[in-house]
Amino acid sequence: MTLSNDSISAIKAGEVLWDQQIPGFGARKQTANGVTAFIVKTRVNGRQKLVTLGRYPVLDIDAAREQARRILEVITIKKIDGFVDQMQGEKHDAKIKTH
C-alpha cells in the first residue's frame, strides 16, 4: 500500500505499514498512546538496520519518502563502492572501471 494520511491515521499499536513506492520505507506505531513515526529498514554489511526518520505529522509523507530515498541511495552507493574496492584489491584479469 502506498502510505497516505488515511492509512497512517489508521495504524494500530505495534503495526508497521510498508510503502509500495519505496521498499524498506514505512510508518509504525509502537504503543496505543504513542506517536506514529516514519522508518527505513535495510541491511548494511549483512546486518539489519532500522532508521527512524521522524514523527508524523511533524514530518509529512512526501518529506519522509524523500529522506528514505536519500538514505537508501547513500547505502546503495557505499555498497557499490565497497564492492568495486574489493574487486580492485583482488587480482583479476578483468578491468573494473569506475567513473
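Residues numbered from 1 in each chain as written. Predicted model: local features only at pLDDT ≥ 70, side-chain atom pairs only at ≥ 80, totals over all residues. Heavy atoms only, no water.

Undergrad: Describe the sheet that holds strand 3 (residues 36-44), and please don't skip the residues or the numbers.
TA: Overall, antiparallel pairing links the four strands, which are arranged 1-2-3-4 in an open sheet. The open sheet terminates on both sides in strands that have one partner only, identified here as strand 1 (15-18) and strand 4 (47-56). Neighbouring strand axes in the sheet, compared pairwise and without regard to direction, differ in orientation by 30° on average. Where strand 1 meets strand 2 (residues 25-29), four bridges bridge the pair, whose relative direction is antiparallel. When the sheet's bridge partners are listed, L17 is paired in strand 2 with A27. (Pairing = 2+ DSSP bridges. Helix = DSSP H or I, 4+ residues; strand = E, 2+ residues; numbered from the N terminus. Axes fitted to C-alpha atoms, helices over the stretch in contact; angles between N-to-C directions.)

Undergrad: For the pairing of strand 3, give the residues involved together with the corresponding values.
TA: With five bridges connecting them, strand 2 and strand 3 associate as antiparallel partners. Residue pairing for strand 3: A27 is matched across the bridge by F38. The turn joining strand 2 and strand 3, which pair antiparallel and follow one another in sequence, is formed by six residues. Summarising the sheet, strand 3 and strand 4 pair through nine bridges and their orientation is antiparallel. Note on strand 4: the bridge partner recorded for V44 is R47. What sits between the antiparallel neighbours strand 3 and strand 4 is a turn of two residues, in which N45 has the positive phi angle 50°.

Undergrad: Can you tell me about unusual backbone geometry, naming the residues and giving the values?
TA: Cis peptide bonds are those with omega within 30 degrees of zero, and the linkage from Y56 to P57 qualifies with 5°. Mapping P57 onto the fold places it in the loop between strand 4 and helix 2 (61-89). For N45, which is not a glycine, the phi torsion comes out positive at approximately 50°. Take N45: it is sitting in the loop between strand 3 and strand 4.

Undergrad: Please provide a residue-by-residue account of the environment of Q30, values included.
TA: Its location among the elements puts Q30 in the loop between strand 2 and strand 3. Its relative accessible area of 55% is what places Q30 among the exposed residues. Sequence spacing of Q30 and V16 is 14 residues, and the spatial spacing of their C-alpha atoms is 8.6 Å. Not counting chain neighbours up to four residues away, the residues in contact with Q30 comprise A13, G14 and V35. (Buried < 20%, exposed > 50% of the residue type's maximum accessible area, 1.4 Å probe, protein only. Contact = heavy atoms within 4.5 Å.)

Undergrad: Break down the packing of aromatic side chains for me, with residues and values.
TA: Under the criterion given, the structure shown has two aromatic pairs. Note on F25 and F38: the rings are 5.8 Å apart at their centroids and 15° apart in plane angle, and the pair reads as stacked. On the criterion of sequence distance, the pair formed by F25 in strand 2 and F38 in strand 3 is long-range, its members being 13 residues apart. Of the two residues, F25 and F38, neither departs from the other in class, the shared state being buried. (Phe/Tyr/Trp six-rings, centres within 6.5 Å; stacked < 30°, edge-to-face > 60°.)

Undergrad: Please give an account of the pattern of salt bridges that cites residues and values.
TA: Enumeration over the complete set of coordinates arrives at four salt bridges. Residue R65 pairs with D62 through a salt bridge whose shortest N-O separation is 3.7 Å. Here D62 and R65 lie together in helix 2, a separation of three residues that amounts to about one turn. The class of D62 is exposed, set by a relative accessible area of 58%. What emerges from the salt-bridge pattern is a single network uniting D19, D62 and R65. (Salt bridge = Lys/Arg side-chain N within 4 Å of Asp/Glu carboxyl O.)

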